[in-house]
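Each chain is listed here by its residues.
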Amino acid sequence: MDAPVLLTGSEGRVGRAILDRLAGAYEWRLFDREPPAEDPPGEFVVGDITDEETVREAMDGVGAVIHLAGDPRPEAPWDSVLRNNIDGTHTVMEAAVDAGVETFAFASSNHAVGAYETEARTPNIYRPDDKFLLDGTELPRPGNRYGVSKAAGESLGRFFHDEHGLSVACVRIGNLTKDHPPKDYERGQAMWLSHRDCAHLFECCLEAEYDYEIVYGISDNDRKYYSIERAREVLGYDPQDNSANYTD
Ligand SMILES: NC(=O)C1=CN([C@@H]2O[C@H](COP(=O)(O)OP(=O)(O)OC[C@H]3O[C@@H](n4cnc5c(N)ncnc54)[C@H](O)[C@@H]3O)[C@@H](O)[C@H]2O)C=CC1
Ligand SMILES: O=C1O[C@H](COP(=O)(O)O)[C@@H](O)[C@H](O)[C@H]1O
């Protein structure tokens, strides 16, 4: 990728996980409403993704977008997810299409399908011997308004792909934690995404060729109810970490 990669939400947890490993791999244009905490590895735009003019300026000359900015709270209220996650994602995707960007990776979430975790299925689905598996072809089934906003982002991606040819990868990220899977939290262990695998997966999204994809963003955990086969097949994802290797 010769042209710059626009990374929205670069100051957040996922953004840091990506930049910690890929800072030198691309020419980055970073975008966040918070100014950089440390010396950024590229041009930095301080702005809000709902500000169309700033987003359009930031998109100039960009080859690919990793769109992370948004309200990540599962309990976020409607006004916040409507503004930051739905309207903001629409603004970024539309600006990408108008600027001729070809590749777009969207940070979706496990919460887009959270309501598949019914009382009857849990807690067994968090355990390695259970057979229940979501593979990305199922309908969204959000369990909160945040999940609704992520399903809406996936739907916006479908629209901008079908109508405008944008290549879109929606990554339903599981539970990103640094160095170690979440402790005493079976659900989090089943959907753990290590920092190393996170950076690798988003690099795959930048390098692979695809049309429109929904994939799960988790490590190769023994315990899992999200399939990573589609990410392997289409994106070349080859995760190195597994929450089962951490026993304490
Ligand atoms: N951390 C995780 O385990 C997961 C994260 N995700 C998604 O990944 C994305 C990033 O999440 P995190 O890094 O954990 O969140 P975070 O809160 O650490 O980072 C989000 C960043 O986006 C920025 N931001 C928020 N709204 C903005 C706006 N309107 N304009 C410009 N910048 C804005 C914030 O300043 C922040 O730096 C989010 O879209 C979240 O929904 C999805 C599933 C799991
Ligand atoms: O989408 C997200 O999911 C993760 C995991 O969800 P949780 O309900 O197990 O905490 C969450 O940590 C993250 O903040 C959120 O953006």
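Residues numbered from 1 in each chain as written. Chains lettered and ligands numbered in written order. Predicted model: local features only at pLDDT ≥ 70, side-chain atom pairs only at ≥ 80, totals over all residues. Heavy atoms only, no water.

With an unreviewed UniProt entry as reference, the protein is termed NAD-dependent glucose-6-phosphate dehydrogenase, source organism Halalkalicoccus paucihalophilus. UniProt annotates the protein under Function (unreviewed entry) with the comment "Catalyzes the NAD-dependent oxidation of glucose 6-phosphate to 6-phosphogluconolactone." On record in UniProt, under Catalytic activity (unreviewed entry), the comment for the protein is "D-glucose 6-phosphate + NAD(+) = 6-phospho-D-glucono-1,5-lactone + NADH + H(+)". (UniProt positions renumbered as here; feature names shortened; annotations may be inferred.)

## Points about the site of ligand 2
For ligand 2, the full set of nearby residues is Arg13, Pro72, Ser109, Asn110, His111, Tyr146, Gly174, Asn175, Tyr185 and Arg187. Side-chain polar atom of asparagine 110 to an oxygen atom of ligand 2: 3.1 Å apart, as the coordinates give it. In this structure, tyrosine 185 approaches ligand 2 through a side-chain N or O atom, which is 2.4 Å from an oxygen atom. In this structure, ligand 2 is accommodated by the largest pocket. (Near = heavy atom within 4 Å. Polar contact = N/O pair within 3.5 Å; in protein donor to acceptor, adjacent residues only side chain to side chain. 1 Å grid on protein atoms, 1.4 Å probe; cavity = no way out; pocket = protein on both sides within 12 Å on 5 of 7 lines; lining within 4 Å. Sits in = over half its atoms within 2 Å of the grid points.)

## Focus on the pattern of salt bridges
Within the structure shown, the criterion is met by 19 salt bridges. For the salt bridge of arginine 127 with glutamate 186, the shortest nitrogen-to-oxygen distance reads 2.9 Å. Taken together, the residues span a long stretch of sequence, with arginine 127 in the loop between β5 (103-109) and α4 (145-164) and glutamate 186 in helix α5 (residues 186-190) at a distance of 59 residues. Put simply, arginine 232 and glutamate 229 hold a salt bridge, and the shortest N to O gap is 3.6 Å. Highlighted residues: arginine 232 and glutamate 229, both in helix α7 (residues 229-235), separated by three residues, approximately one helical turn. Judged by its relative accessible area of 42%, glutamate 229 falls in the partly exposed class. Salt bridges here are not isolated pairs; linked through shared partners, they connect Asp220, Lys224, Glu229, Arg232 and Asp238. (Salt bridge = Lys/Arg side-chain N within 4 Å of Asp/Glu carboxyl O. Helix = DSSP H or I, 4+ residues; strand = E, 2+ residues; numbered from the N terminus. Buried < 20%, exposed > 50% of the residue type's maximum accessible area, 1.4 Å probe, protein only.)

## Structural notes on the environment of alanine 107
Mapped onto the secondary structure, alanine 107 falls in strand β5. Look at alanine 107 and you get buried, because its relative accessible area is 7%. Distance from alanine 107 to cysteine 170, taken between C-alpha atoms, is 6.2 Å for residues 63 residues apart in sequence. Residues contacting alanine 107, with those up to four places away along its chain left out, are His67, Leu68, Lys150, Val171 and Ile173. (Contact = heavy atoms within 4.5 Å.)

## Observations regarding the nonpolar core
Formed by 47 residues in total, the largest nonpolar core has its most connected members in Ile18, Trp28, Ile66, Phe202 and Leu235. Element by element, the count of residues in this core is highest for helix α6 (residues 195-207), at seven residues. Core analysis: the second largest hydrophobic core is formed by 25 residues, Val101, Phe160, Val168 and Cys170 among them. (Core = buried A, V, L, I, M, F, W, Y, C linked by side-chain atoms within 4.5 Å.)

## Overview of the environment of alanine 76
Relative to the helices and strands, alanine 76 resides in the loop between β4 (64-67) and α3 (78-98). Since its relative accessible area comes to 4%, alanine 76 is described here as buried. Other than its neighbours up to four places away in sequence, alanine 76 contacts Asp71, Val81 and Arg145.

## Focus: the confidence of the model for the protein
When pLDDT is averaged along the protein, the result is 97, and 100% of the positions lie at 70 or above. Two numbers describe this predicted complex: its pTM, 0.98, and its ipTM, 0.99. (pLDDT = per-residue confidence, 0-100.)

## Focus on the sheet that holds strand β2 (residues 28-32)
Sheets are built from strands that pair by backbone hydrogen bonding, the pairs being arranged parallel or antiparallel. Spatial ordering of the open sheet is given by β3-β2-β1-β4-β5-β6-β9, a layout of seven strands whose pairing is parallel. Only two strands of the sheet have a single neighbouring strand rather than two, namely β3 (42-46) and β9 (212-217). Direction aside, the axes of adjacent strands within the sheet are offset by 20° on average. Direction of pairing for strand β6 (residues 167-173) relative to β9: parallel, over a ladder of six bridges. Residue pairing for β9: isoleucine 173 is matched across the bridge by glycine 217. Each of β1 (5-8), β2, β4 and β6 touches helix α1 (residues 13-22); the most contacted strand, β2, lies at about 160° to it. Together, β1, β2, β4, β5, β6 and β9 form the strand contacts of α6, whose direction differs from that of β6 by roughly 165°. (Pairing = 2+ DSSP bridges. Axes fitted to C-alpha atoms, helices over the stretch in contact; angles between N-to-C directions.)

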